[in-house]
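Chains, contacts and geometry: an overview
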Amino acid sequence: MEKKDNTGFSRRAFLSRSTVALAAGGLGISPSFGFGKSEKISRKMRNIKITHTDSNFEREPLYPYRFKGSAITQAWQAVALMQSESGIHKIGIGTQGTLWSDKTVFQNHSTTGGNALMYAMTERALQIIKGNSFVDPITLLDEVLPEVYAYGQKITGNPDLKTTFALNSLVPVDNAAWLLYQEENGMKNFDEMIPEAYRPGLSQKHDKVASIPSFSVGASIKDIKAAADEGHFIMKLKTGAAGTQKEMLAKDIEFLTAVHKTLGDRETPYTKNGKIPYYFDVNERYEKKETLERFLDHAKKIGAFDQIAVIEEPFGEKNKVFVGDLGVRIAADESAHTVEDALERIEQGYSAIALKAIAKTMSMTMKIAQAAYEKNVPCFCADLTVNPILVDWNKNVAARLHSFPDMPLGLQETNGHQYYKNWDKMVSYHPMANEEWVKTKNGVYPTGKDFYEKSGGILAPVPHYERMFDH
């Protein structure tokens, strides 16, 4: 009889399809034989057996980044090594976002404690995979996620753990799997890596991707103006200030007024109306729809309403209120854990999805991007304050997404340069640090022919992280 551990999943033969389907249904995860038709991949690609795994991490200090009524001051860079039976090994990188992915876990533990819990889930995933085989990363994620999520519930003591917390822990593992998949199957670039079922949603090749900086709650208007002076034409502006709902709204309205006074008359060639678009991220801080309506009423009063391009995650994920009648585009981010969650949000009137290949895994992101494309819902890429190499994992998605309405280029938030204390040193780890697409120029990343031919550098070995496994 096949031995099973206390989560109920097979340990010797990996996870049976029936068990995966049952667990996935409970989590809202799309099994590989459901949405996306992953069987298409299986018939043609090599079976990759994992014979060795390892992991490590680095702490990187941050200047305080305030959102969700709290702040982060460091980000762990988790690193996962996977080696196949053929002797090929690949290293995947992930940045941990404990506050973003589950505020409850963040608040119930020390900074180190919360990060250690997520790292333990990364290690658990590698233990599950070691000695087993996979054909494609998307199916692998479907099979591993339920057990990693159950383990996370157990070690955090949180039965309501956000699925995104588990997905965040799996980013380095998923990235390592994609890199192995690419080399084992002789793929030359990122375009070849995209499974056929997901290519329609990632079929564009923009020659520019907007570089969107992010300003935390309480940010200086002077700093926002300076970013505009540098050429940034769209900026992520965190609202949902600390305090009671009444205090929060008053502060948010004051901030909106200051932003519009500073940027309202600016011009840009990247929007249809020639004006700077406003992108507000509330991070689930508004408890009632009426509160957001009061914010929007003020925007109308001061003439800022028509410049609001998107408002991201105004409400908590348990708030099922319809948002399609607010007159502005509302985007889902952390609440769209899986493709099913994203589709549910679309039914609630959410008309944009913030994709996070660097926080929810590339595998889940491809599913969500395709589902949104089929529903004619535009997407853009949001950051997790990730390292420079992960910026280019995200950029490979952003450059291929269909254009956001009235903007003829890809959109990608990237804020690491604003918050990492050692950003320049981290840039030096990038295997193609001197390529033109790595740095922002006049508010955009140039993503020309070289970017696509070299896949933004994400397929190249990274000596800095290789050295972490010299033992």
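Every value quoted in this text rests on a predicted model; they were computed, and no experiment measured them. (Residues numbered from 1 in each chain as written. Predicted model: local features only at pLDDT ≥ 70, side-chain atom pairs only at ≥ 80, totals over all residues. Heavy atoms only, no water.)

All right, on to unusual backbone geometry then. Although it is not a glycine, E284 adopts a positive phi angle of roughly 65°. Tracing the backbone through its elements, the reader meets E284 in the loop between β8 (278–281) and α11 (289–302). Positive phi, normally seen in glycine, also occurs at N442, with a value near 55°. Examined against the element boundaries, N442 turns out to sit in the loop between α16 (423–427) and β14 (444–446). (Helix = DSSP H or I, 4+ residues; strand = E, 2+ residues; numbered from the N terminus.)

This next bit is on the nonpolar core. Counting 150 residues, the largest nonpolar core has M82, F233, I311 and I353 as the members making the most contacts within it. A per-element tally of this core places helix α7 (residues 163–184) first, with 11 residues. (Core = buried A, V, L, I, M, F, W, Y, C linked by side-chain atoms within 4.5 Å. Buried < 20%, exposed > 50% of the residue type's maximum accessible area, 1.4 Å probe, protein only.)

A few words on the packing of aromatic side chains. Each pair of aromatic rings is reported with the distance of its centres and the angle of its planes. Tallying each qualifying case throughout the model produces 14 aromatic pairs. Aromatic side chains F280 and F295 sit 5.5 Å apart centroid to centroid with 85° between the ring planes, which places their arrangement in the edge-to-face category. Taken together, the positions of F280 in strand β8 and F295 in helix α11 put the pair 15 residues apart, joining distant regions of the chain. In terms of burial, F280 and F295 fall into one category: buried. (Phe/Tyr/Trp six-rings, centres within 6.5 Å; stacked < 30°, edge-to-face > 60°.)

Before going further, it helps to spend a moment on empty space enclosed by the protein. Counted according to the given criterion, the structure contains two cavities of 30 Å³ or more. Lining the largest cavity are I129, P137, L140, L141, V144, L170, V173 and D174. Looking at the lining of the largest cavity, the elements with two or more residues in it are α6 (137–156) and α7. Here the lining of the second largest cavity is built from residues that sort into nine nonpolar, no polar and no charged. (1 Å grid on protein atoms, 1.4 Å probe; cavity = no way out; pocket = protein on both sides within 12 Å on 5 of 7 lines; lining within 4 Å. Points joined across faces, edges and corners; volume = space filled by probe spheres on them. Nonpolar A, V, L, I, M, F, W, Y, C, P; charged D, E, K, R; others polar.)

Further remarks concern the environment of E413. Note on placement: E413 falls in strand β13 (residues 410–413). Between the C-alpha atom of E413 and that of A398, which follows or precedes it by 15 residues, the distance is 9.5 Å. Leaving out residues up to four positions away in the same chain, E413 has contacts with Y65, I212, S214, K236, Y279, C381, A382 and D383. Here N415 takes part through its side chain, which lies 2.7 Å from a polar atom of the side chain of E413. (Contact = heavy atoms within 4.5 Å. Polar contact = N/O pair within 3.5 Å; in protein donor to acceptor, adjacent residues only side chain to side chain.)

With that settled, the discussion passes to the pairing of β8. Covered by surrounding structure in β8 are Y278 and F280 together with Y279 and D281, the residues of both alternating faces. In this structure, strand β7 (residues 235–238) lies alongside β8, joined through four bridges in parallel fashion. Bridge pairing in β8 places K238 opposite D281. Between the parallel pair β7 and β8, the chain is carried across by helix α10 (residues 245–263), and the sense of this crossover is right-handed. (Pairing = 2+ DSSP bridges. Right-handed = clockwise from strand over helix to strand, strands pointing away.)

Next up on the list: helix α12 (residues 339–347). For α12, the full list of buried residues reads V339, D341, A342, R345 and I346. Down the axis of α12, the sector holding all buried residues measures 160°, keeping them to one side. Each element contacted by the buried residues of α12 is listed here: β10 (330–332), β11 (352–355) and α13 (362–374). Residue G349 follows α12 closely and has a positive phi angle near 100°. (Arc of directions from axis to C-beta.)

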